[in-house]
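# Residue-level structural notes
Here's the letter readout for the chains.
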Amino acid sequence: MKIKTLFYVLVAAMGTSFTSCSTDVETIEIQDLKTYDGQYFQNLRDFKKSDHEISYAYYASWANTQSPTSWGERFLGLPDSLDIVNLWIDIPTKESYPIAYEDMKYCQEVKGTRFVMHADASNYSHKFWDRVWNEETQQFEFVYETDENGNVLKDEEGNPKHKILQTVRGDEESIRSYARWVCDTVVNCGLDGVDFDYEGWSNNDMIIAADECNKYFGPEGKWAEKLYIIDWFNGAPSGCDDFCDYFIRQAYTWQIGFQTGSGGRPMEKTVFCESTGAEAEKGGINGARVRDYAKFVPSTGRKGGFGAYYLDYNYKSESGIPYKEFREAIQIQNPALTK
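First, a word on scope: everything that follows refers to the structure included in this document.

What counts, and where the lines are drawn
Residues numbered from 1 in each chain as written. Predicted model: local features only at pLDDT ≥ 70, side-chain atom pairs only at ≥ 80, totals over all residues. Heavy atoms only, no water. Phe/Tyr/Trp six-rings, centres within 6.5 Å; stacked < 30°, edge-to-face > 60°. Helix = DSSP H or I, 4+ residues; strand = E, 2+ residues; numbered from the N terminus. Buried < 20%, exposed > 50% of the residue type's maximum accessible area, 1.4 Å probe, protein only. Expected span 1.5 Å × (residues − 1). Contact = heavy atoms within 4.5 Å. Salt bridge = Lys/Arg side-chain N within 4 Å of Asp/Glu carboxyl O.

### Thoughts on the packing of aromatic side chains
Evaluation of the coordinates by the stated rule reveals 30 aromatic pairs. Centre to centre, the rings of tyrosine 58 and tryptophan 88 are 5.7 Å apart; their planes meet at 75°, and the pair counts as edge-to-face. With tyrosine 58 in strand E1 (residues 54-59) and tryptophan 88 in the loop between strand E2 (84-87) and helix H3 (98-111), this residue pair connects regions lying 30 residues apart in the sequence. Since its relative accessible area comes to 0%, tyrosine 58 is described here as buried. Summarising the aromatic geometry, the rings of tryptophan 129 and phenylalanine 142 are spaced 5.5 Å apart at their centres and angled 85° between planes, so their arrangement reads as edge-to-face. Taken as a pair, tryptophan 129 in strand E4 (residues 127-129) and phenylalanine 142 in strand E6 (residues 139-142) lie far apart in primary sequence, 13 residues in all. A relative accessible area of 35% means that phenylalanine 142 is categorised as partly exposed.

### Observations concerning H3
Taking 1.5 Å per residue, 14 residues should reach 20 Å; H3 reaches 19 Å between its end C-alpha atoms and fits that length. Buried residues of H3: Ala100, Tyr101, Asp103, Met104, Lys105, Cys107, Gln108, Val110 and Lys111, and no others. Against the buried residues of H3 lie helix H2 (38-49), E2 and strand E3 (114-121). A positive backbone phi angle near 80° is found at glycine 112, which sits one or two residues after H3.

### A short note on the environment of arginine 74
Topologically, arginine 74 is positioned in the loop between E1 and E2. It is 9.9 Å that separates the C-alpha atoms of arginine 74 and alanine 60, two residues lying 14 residues apart in sequence. Non-local contacts of arginine 74, meaning those with residues more than four positions away in its chain, are made with Tyr59, Pro68, Ile99 and Asp103.

### Comments concerning unusual backbone geometry
Despite not being glycine, glutamine 138 shows a phi value in the positive range, around 55°. If you trace the backbone, glutamine 138 turns up in the loop between strand E5 (131-134) and E6. Overall, glutamine 138 belongs to the partly exposed group, its relative accessible area being 28%.

### Here's the deal with the side chain of aspartate 192
Its place among the elements puts aspartate 192 in the loop between helix H4 (172-188) and strand E8 (193-198). Setting aside residues no more than four positions away along its own chain, aspartate 192 makes contact with Gln108, Thr113, Arg114, Phe115, Val116, Glu225, Lys226 and Leu227.

### Topic: the pattern of salt bridges
Throughout the structure, instances matching the rule amount to 17 salt bridges. Measuring nitrogen to oxygen at the nearest pair gives 3.8 Å for the salt bridge that ties arginine 180 to aspartate 130. Placement of the pair is arginine 180 in helix H4 and aspartate 130 in the loop between E4 and E5, with a sequence separation of 50 residues. Residue classification places aspartate 130 among the buried residues on the basis of a relative accessible area of 5%. Its salt-bridge partner being aspartate 292, residue arginine 289 comes within 2.9 Å of it at the nearest N-O pair. Accessibility expressed as a relative area gives 31% for arginine 289, which makes it partly exposed. On the accessibility criterion, aspartate 292 (27% relative accessible area) is partly exposed. Taken together, the shared-partner salt bridges connect Asp130, Lys163, Glu172, Glu173, Arg176, Arg180, Asp211, Glu212 and Lys215 into one network.

As structure tokens, this is what we get:
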């Protein structure tokens, strides 16, 4: 019986356990053997495309290894109804993390889950290859170093020397170029958008980056379907409301209490995160207060959604059901349709 029970837990943890045609948003009793058919996944994709309060998770365990041995290290193990995954730490590619990359593509195409790059707006030490947008070809092109006559310089191997920039506080050129690097990376890596971690830049620099990204990811941009997100902890940047799909209110410890202020940002775009990582200790393992944030209803209108900072730890829920509390929060916020 122990072996049989373990099998059901592992299957349930995958998030792709089998169920009959269903309109459920997220199944809580996931230890039953069920069959997921094409209609289930179509319903799932349609739900995620709908106008609803979202679920959001910072997730890092996928980058622990190229050869995962636990569903807690797999995108496939995440709850089916999770809307957006923040790729904390790294970006999966075919070369760097082949299993994670295939998992990500499956979740994007079959489950409709979106994956966003984590960009850094906490310091000014980034170094990157400069690039510009070519309106005629509708693509980014690298900028190369030149001599006084405009001739492209070559390195020791005879390759053109890329122009390298570093972000500088108050320097508009470097901030816009960094934003273009971000957009180019998102597109080339097949991601669904970007989340800028706003914890050190000036407000004006954040506006500049948002304005530049909006040229490509905004309503009039070539990749209008891509998400532009800003997360914040001590204070939300002003002047970016029109550029952002969501503002993520961060949390680094669940002991700071139940925080439901939007920092002056539109409530309907604000996603309230709870810490479920190691800093939350046993509370994080058991989901801390994610269910309370899911229940939260603003005095007027609605919120953008709820989320978890380091959802990884809730995989180890003492209930024995992977991500049990986060799954319950999804159900609380968006109850499953009755059959």
